[in-house]
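Per-entry structural report
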Amino acid sequence: MENLYDKYKIIADYHTHTVYSHGKGSIEDNVKKAIEKGLKTIAITDHGSKHFIFGVSEKRLLKQKEEIVQIRKKYPDFQLLFGVESNITGIDGGYDITSGFENNFDIILCGFHKPVWADKLSDYTNIFYNSYSHFIYEPTKEQIEKNTKAYINLIKSKPIDIISHLNYHLKVDMKEVAKAASDYGVAIEVSSRHSDCTEKDYEDLFASSAMLTLNSDAHKVDDIGNIDKALAVIDKYNVDAKRILNSEYCEFKFKSRTK
């Protein structure tokens, strides 16, 4: 059987967690495992501040950045990116990074998580309730429209690089979100941790021109670079490797920020 890592020339994992949020390993643990697996790059992307269980304050994120700067000196031939998995906080496209603070990051992911402080009370009824209610019944057309609006407003208004685990606990119109992502130069993650997309979702995503990334969303050190499930999806749909950010074939550049 063909090795899909070799076929797609995977060289990076842009979604990993550490003990700063709810990962099990240190930053250096993640780096060592990535090198062991033959990767050239990883991003450290712990949760944004408004995740009220595992969120990392901006003060702590700055401490993490300092630690990353020191670790880079120990591994000069390896690319270690300082990032964050920020959280959608409102239907108007809000997220939990204060204005100007985004300049600290090399890469910004953003996705939906239920345990997050919303921007205002109406956001709980407009989008957060939609997530919890999906445990009881299928999302309605109106709910999907609101969820989709939140993602599109986010893409249009915030300097994010990657939408993480799209459709995880919040169903959207994939075609509409993918179009917005393509228009605004934002990539969509195909997650190996969360498989919440239907065949129709994948068909709509891959039919678009949106850029993609295959990530582990690793919470354990051994899962760094583990993107087998995402690779299987990509291969099933014959996706061009040039669309995949963490492929050697891709020439995509992240949004410019202060390093």
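Structural notes, computed from the coordinates. Starting afresh in each chain, residues are numbered from 1 along the sequence in its written order. Owing to the predicted nature of the model, reporting of local features is limited to residues with pLDDT of at least 70; listing and counting of side-chain atom pairs is limited to 80 or more, with chain, interface and lining totals taken over all residues. The basis for the side-chain values is all heavy atoms of the structure; hydrogens and waters are excluded.

**Let's talk about the overall build of the protein**
- Per the convention used, a helix needs a DSSP run of H or I reaching at least four residues, while a strand needs a run of E reaching at least two, with both numbered from the N terminus. Broken down by element type, the protein carries eight helices and seven strands.
- The quantity called the radius of gyration is restricted to C-alpha atoms. Its globule counterpart is 2.2 Å times the number of residues to the power 0.38. For 259 residues, the compact-globule formula gives about 18 Å, and the C-alpha radius of gyration of the protein, at 17 Å, lands near that figure.
- Taking the principal axes of its C-alpha atoms as reference, the protein extends roughly 50 × 45 × 30 Å.
- Partly exposed describes any residue whose relative accessible area lies between the buried limit of under 20% and the exposed limit of over 50%, with all areas from a 1.4 Å probe on protein chains only and scaled to the type maximum. Split into buried and exposed, the 259 residues of the protein put 56% on the buried side.
- Should any heavy atoms of two residues lie within 4.5 Å, those residues are considered in contact. When contacts within the protein are restricted to residue pairs at least 6 apart in sequence, long-range pairs at least 24 apart make up 74% of them.
- To measure how exposed things are, a 1.4 Å probe is used in the Shrake-Rupley method; for residues, cover is taken only from the protein chains shown. Roughly 11,800 Å² of accessible area belongs to the protein as shown, and the carbon and sulfur atoms make up 51% of that amount.
- In this charge count, Lys and Arg are treated as positive and Asp and Glu as negative; neither His nor the chain ends contribute. Lysine's charge is taken at NZ, arginine's at CZ, aspartate's at CG and glutamate's at CD. Positive and negative charge centroids in the protein, built from 36 and 39 side chains respectively, lie 3 Å apart.

**With respect to the environment of S26**
- Tracing the sequence through the fold places S26 in the loop between β1 (12-16) and α2 (27-36).
- For S26, a relative accessible area of 23% gives the class partly exposed.
- Taking the C-alpha atoms as reference points, S26 and N126, separated by 100 residues in sequence, lie 37 Å from one another.
- Not counting residues up to four positions away in its chain, the partners in contact with S26 are T18 and V19.

**Points about the pairing of strand β6 (residues 187-191)**
- Along β6, five of the five residues are buried, which leaves the element largely enclosed by surrounding structure.
- Across the two faces of β6 the burial is the same, with A187, E189 and S191 and I188 and V190 all buried.
- We treat two strands as partners when DSSP finds at least two bridges between them. The pairing of strand β5 (residues 162-163) with β6 spans two bridges and is classified as parallel. Following the sheet pairing, I162 is matched in β6 by A187.
- As paired elements, β6 and strand β7 (residues 212-215) share four bridges and run parallel to each other. Across the sheet, E189 pairs through a bridge with T213, a residue of β7.
- Throughout, right-handed denotes a crossover for which the path from the first strand over the helix to the second runs clockwise when the strands point away from the viewer. After leaving β6, the chain enters helix α7 (residues 199-207) and then returns to the sheet as β7, a path that is right-handed.

**Quick word on empty space enclosed by the protein**
- Think of a 1 Å grid over the protein atoms and nothing else: a 1.4 Å probe that fits but is trapped marks a cavity, an open set flanked by protein within 12 Å on at least five of seven lines marks a pocket, and residues with an atom within 4 Å of a point count as lining. Grid points are joined across faces, edges and corners, and a volume is the space filled by probe spheres set on the points. Counted according to the given criterion, the structure contains three cavities of 30 Å³ or more.
- Its volume calculated, the largest cavity comes out at about 60 Å³.
- Lining the largest cavity are H165, L166, E189, V190, S191, H194, D196, C197, Y202 and L205.
- Contributing elements (two or more residues each) for the lining of the largest cavity: β6 and α7.
- Classifying every residue of the lining of the largest cavity gives five nonpolar, three polar and two charged.
- Roughly 40 Å³ of internal volume is contained in the second largest cavity.
- Lining of the second largest cavity is provided by G48, S49, V56, E58, L61, V84, D96, I97, F101 and F105.
- Basically, the charged four are Asp, Glu, Lys and Arg, the nonpolar ten are Ala, Val, Leu, Ile, Met, Phe, Trp, Tyr, Cys and Pro, and anything else, Gly included, counts as polar. Taken together, the residues of the lining of the second largest cavity sort by class into six nonpolar, two polar and two charged.

**Focus: the sheet that holds β1**
- Read from one edge of the open sheet, seven strands run β1-β2-β3-β4-β5-β6-β7, paired in parallel fashion. Edge strands, defined here as strands with exactly one partner in the open sheet, are β1 and β7.
- Axis lines are fitted through C-alpha atoms, for helices just across the contact stretch, and the angle between N-to-C directions can take any value from 0 to 180 degrees. Across the face of the sheet, α2 comes into contact with β1, β2 (41-47) and β3 (79-87) while running at roughly 145 degrees to β2.

**Re helix α6 (residues 174-184)**
- Within α6, burial applies to M174, V177, A178, A180 and A181. One side of α6 carries all its buried residues, which in axial view fall inside an arc of 160 degrees.
- As for α6, its buried residues are in contact with α5 (141-157), β6 and α7.
- At the N-terminal boundary of α6, the capping side chain belongs to D173, with an oxygen 3.1 Å from the backbone nitrogen of K175. The arc in question is the one traced by the directions running from the helix axis out to the C-beta atoms. Polar contact criterion, stated in full: a pair of N or O atoms within 3.5 Å, where within protein one must be able to donate a hydrogen and the other to accept it, and residues adjacent in sequence count only if both atoms are side-chain atoms.

**Topic: the packing of helix α4 (residues 121-133) against α5**
- The geometry of α4 relative to α5 is characterised by a closest axis approach of 9 Å and an angle of 125 degrees between their N-to-C directions. Comparing the axis directions of α4 and α5 gives the class oblique. Here α4 and α5 pass one another in a crossing that is left-handed. Within the contact between the two elements, α4 uses N126, I127, Y129, N130 and S133 and α5 uses Q143, K146, N147 and A150.
- When grouped by side-chain class, the residues that make up the contact of α4 with α5 number three nonpolar, five polar and one charged. With respect to orientation, any angle under 35 degrees is reported as roughly parallel, any angle over 145 as roughly antiparallel, any angle of 65 to 115 as roughly perpendicular, and every other angle as oblique. Crossing chirality is assigned from the near helix's rotation relative to the far helix, an anticlockwise turn below a right angle marking it left-handed and a clockwise turn marking it right-handed.

**So, the side chain of T213**
- Turning to its location among the elements, T213 is positioned in strand β7.
- Here the side chain of T213 touches N215 through a polar contact of 3.2 Å, side chain to side chain.
- Here N246 takes part through its side chain, which lies 3.3 Å from a polar atom of the side chain of T213.
- Other than its neighbours up to four places away in sequence, T213 contacts Y14, I162, I188, E189, V190, L245 and N246.

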